[in-house]
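# Observations on the three-dimensional arrangement
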Amino acid sequence: MNIQIRGIHKAFASFPALDGVNLDIESGELIALLGPSGSGKTTLLRTIAGLEFPDAGEISFGGENIASRPVRERGVGFVFQHYALFKHMTVADNIAFGLNVRKGSARPSKEAIQQRVHELLDLVQLSGLDKRYPSQLSGGQRQRVALARALAIDPKVLLLDEPFGALDAKVRKDLRRWLRELHDKTGYTTIFVTHDQEEALELADRVVVMNRGRIEQVGNNQQVYEQPATPFVFDFLGSVNILPGEVKDRQLRFDGSDDVWDSESKESGLVDIYVRPHDLQIVDAAAPGLDATVTLVQRAGALIRISAALATSGERIELELSHLDTLARSRQPGDAIRVAPITFGLFPRAPHRRPTTLPDVVPNAPAENRERARN
Amino acid sequence: MSPAIDHSLQDPPQLPREPLIEKNAVITEAPWVRRTLTAVALLFLCGFLLLPLVAVFVEALRNGVETYFEALKDPDALAAIELTLIAAAIAVPLNLVFGVSAAWAITKFEFRGKSLLVSLIDLPFSVSPVVAGLIYVLIFGSHGWAGPWLSEHGIKVLFSTPGIVLATVFVTFPFIARELIPLMTEQGTDDEQAALSLGATGWQTFWRVTLPNIKWGLLYGVLLCNARAMGEFGAVSVVSGHIRGQTNTMPLHVEILYNEYQFSAAFAVASLLAMLALLTLGIKSWLEWRHSDELSATRRH
């Protein structure tokens, strides 16, 4: 079921949670809503579900505007962050709930419900656990039951709120891979919310990066990571060094350096140069680059993280290099190195150097409390 | 490529039911301190709680079992028992409905004047029962606001069953709501939202999701409410008029008998009230035991 979202506005008290959101989702896509706390991603998800109503705007499922319909008439499968399993019901009863509450002829027969429950248990690989209660399940198993329960009503769209937020790292990784497989197998249009950029990039067909109630960029994981549309996206999807520079006649020059790099930017003027730590490399003393002094070396698995101070401005930069890199190995604090960017992004010089995000609010607090938590 | 273990399928770890760390290992006291404190507490309990309770039964049975049952079979006593049961039978369901609706409204919705409602629910706890009774006298008395109009239409509130029921309802107002509000606040609204998203109606959500979630707390609240409804003295005393066989509840009957020096009859009726208290206490402990088991089961992981 394809989804169109047009001009959604939603404010809690005076705080604009969604400020004019437009989004098109194709049938069968797996979409990630990515953003920091307070960016409006959860509000957008809940608005699509019908758990919040927008102040203005349209949401259509398959061409039909459903913005004013309540959640129970929308036919969405919603998986809550803490699963919201009914703890007085067995796993089987939990999954059957959506079918059991149907009325009259819409309700399948007992046998049909039972069969559907067993199909779903097979699908989520929990066959044999149907008699257990939620308290007897691990986090990963609960997440699977919550998913099976949402799928039982054959939803038009599957919505997941921070699906891996409450899980251990290993469980999270395995569940992520399994969810991707499940999506490929079942083909439900799926939208999930996350604040973890790695999760979004790894799992989703397309990533929607949100900030301050607006969409900053929509694109597949390569686009948002390699061609960030805004400084915010650049900063949010991984760490970044921001260095001052200037563009003149399609040539980029770092402040305090005489070397120039080719630039695709047509406009001349002062710029902020955004370079990811792993897009910096150590080069020979003769090659074009910036001189710096190593201040800190950290070894993290297969990565070597080097902090260095630029010789010209004293500005701190971060490098991430492979442990196989011969020029990076056995560097010590105090060593002089020459650093050159492989790729970079250019944005007009901003008055504030670093893109700022909203202060943290309690993630997933009830909507009415979010504003309070902020103050 | 698929790794050998999918961690998201693993069962929860099997933890022993006993705490993993020795209880209070750090803050425990020397044996003699512990024993002394326990002994003091026990002595106090015996002297001030257990002894009076035993005394009630001893006094009631002092003149033999026959006198005991005769006192209970007295028509006035039977009428008092009946009236007490009627008052509780009306007040408890009323407060059950009110308490659940109030707790539901307060915990699941946002609205103006919420904190005012919460304080109002507490009012009967903070007001002296005598004042509570006087409120009804002021409203329904012959010189009260509604009294003259009501007596014109032949409705008697004061000095009859409706007045007693009203006073009982007022005094037992907060028990169920107070029990449920913290419980429902802690549970949040996720379960309800999940039920709605799965297509349940509001009514189905309440019966199938909300009610099962609060059932132990609700039962507990009903028990306390019932105990208070049957034992209430002050407020009921003001509005009842003490008409024997008509507007006397059990606690009032006990007082009258005692004032007339019919000690063993007074203690016989009192023993019934005491037994009710013991029964309530027993069921309450059992519920707490069940409840805590359920709670710790859900919190274990």
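By the naming in an unreviewed UniProt entry, chain A is Sulfate ABC transporter ATP-binding protein, taken from Solimonas fluminis.

Looking only at helices and strands, chain A features nine helices and 20 strands. C-alpha atoms of chain A, sized along the principal axes, occupy 80 × 45 × 35 Å. By residue count, 51% of the 375 residues in chain A fall in the buried class. For chain A, long-range pairs separated by at least 24 residues make up 66% of all intrachain contacts whose partners lie at least 6 apart in sequence. Here chain A displays about 16800 Å² of accessible surface, and carbon together with sulfur accounts for 47% of that area. In chain A, the 46 positive side-chain charges and the 49 negative ones have mean positions that sit 7 Å from each other.

All names here are of chain A. Of note, Arg299 is situated in strand S16 (residues 290-300). Between the C-alpha atoms of Arg299 and Asp249, which are 50 residues apart in sequence, the distance is 40 Å. For Arg299, the residues in contact, after removing those within four places along its chain, are Ile304 and His323. A polar side-chain atom of Arg299 sits 2.9 Å from the main-chain carbonyl oxygen of Gly301.

In this section: the interface of chain B and chain A. The interface is formed by 31 residues belonging to chain B together with 40 residues belonging to chain A. Here chain B packs against chain A, burying approximately 3100 Å² in sum over the two surfaces, 55% of which is carbon and sulfur. In this assembly, chain B and chain A are joined by two salt bridges. Here Asp6 of chain B and Arg144 of chain A are joined by a salt bridge, their closest N and O atoms 3.2 Å apart. The interface formed by chain B and chain A includes 13 residue pairs in polar contact (both at pLDDT 80 or more). Of all the secondary structure elements, the ones that give two or more residues to the side of chain B that touches chain A are helix H9 (190-197), helix H10 (202-231) and helix H13 (263-299) of chain B. Sort the elements by how many residues they give to the side of chain B that touches chain A and H9 of chain B lands first, with seven residues. Here the side of chain B that touches chain A is built from residues that sort into twelve nonpolar, 13 polar and six charged.

Cut-off values and rules
- The residue numbering used here restarts from 1 in each chain and proceeds along that chain's sequence as written.
- Chains carry letters from A onward and ligands carry numbers from 1 onward, assigned in written order.
- At least 70 in pLDDT is required for a residue's local features to be given in this predicted model, at least 80 for side-chain atom pairs to be given and counted, and no such filter applies to totals for whole chains, interfaces and linings, which use all residues.
- Processing note: side-chain calculations cover all non-hydrogen atoms of the structure and skip hydrogens and water entirely.
- Secondary structure elements are defined from DSSP: runs of H or I of at least 4 residues count as helices, runs of E of at least 2 residues count as strands, and each element is numbered from the N terminus.
- Exposure classes here rest on a 1.4 Å probe applied to the protein chains alone. A residue is buried below 20% of its type maximum, exposed above 50%, and partly exposed in between.
- Residues count as neighbours in contact if any of their non-hydrogen atoms are within 4.5 Å of one another.
- Per-residue and other accessible areas were derived by the Shrake-Rupley procedure at a 1.4 Å probe size, with only the shown protein chains allowed to occlude residues.
- We count Lys and Arg on the positive side and Asp and Glu on the negative side, and we leave His and both chain ends out.
- To locate a charge, take atom NZ for lysine, CZ for arginine, CG for aspartate or CD for glutamate.
- Pairs of N or O atoms within 3.5 Å make up the polar contacts considered here, provided that, within protein, one atom can donate a hydrogen while the other can accept it, and that residues adjacent in sequence are counted only when both atoms are side-chain atoms.
- Summed over both partners, the accessible area (1.4 Å probe) lost when two parts come together is defined as the buried area.
- Salt bridges are identified by distance alone: a Lys or Arg side-chain nitrogen within 4 Å of an Asp or Glu carboxyl oxygen.
- Residues are grouped as follows: Ala, Val, Leu, Ile, Met, Phe, Trp, Tyr, Cys and Pro are nonpolar; Asp, Glu, Lys and Arg are charged; every other residue, Gly included, is polar.

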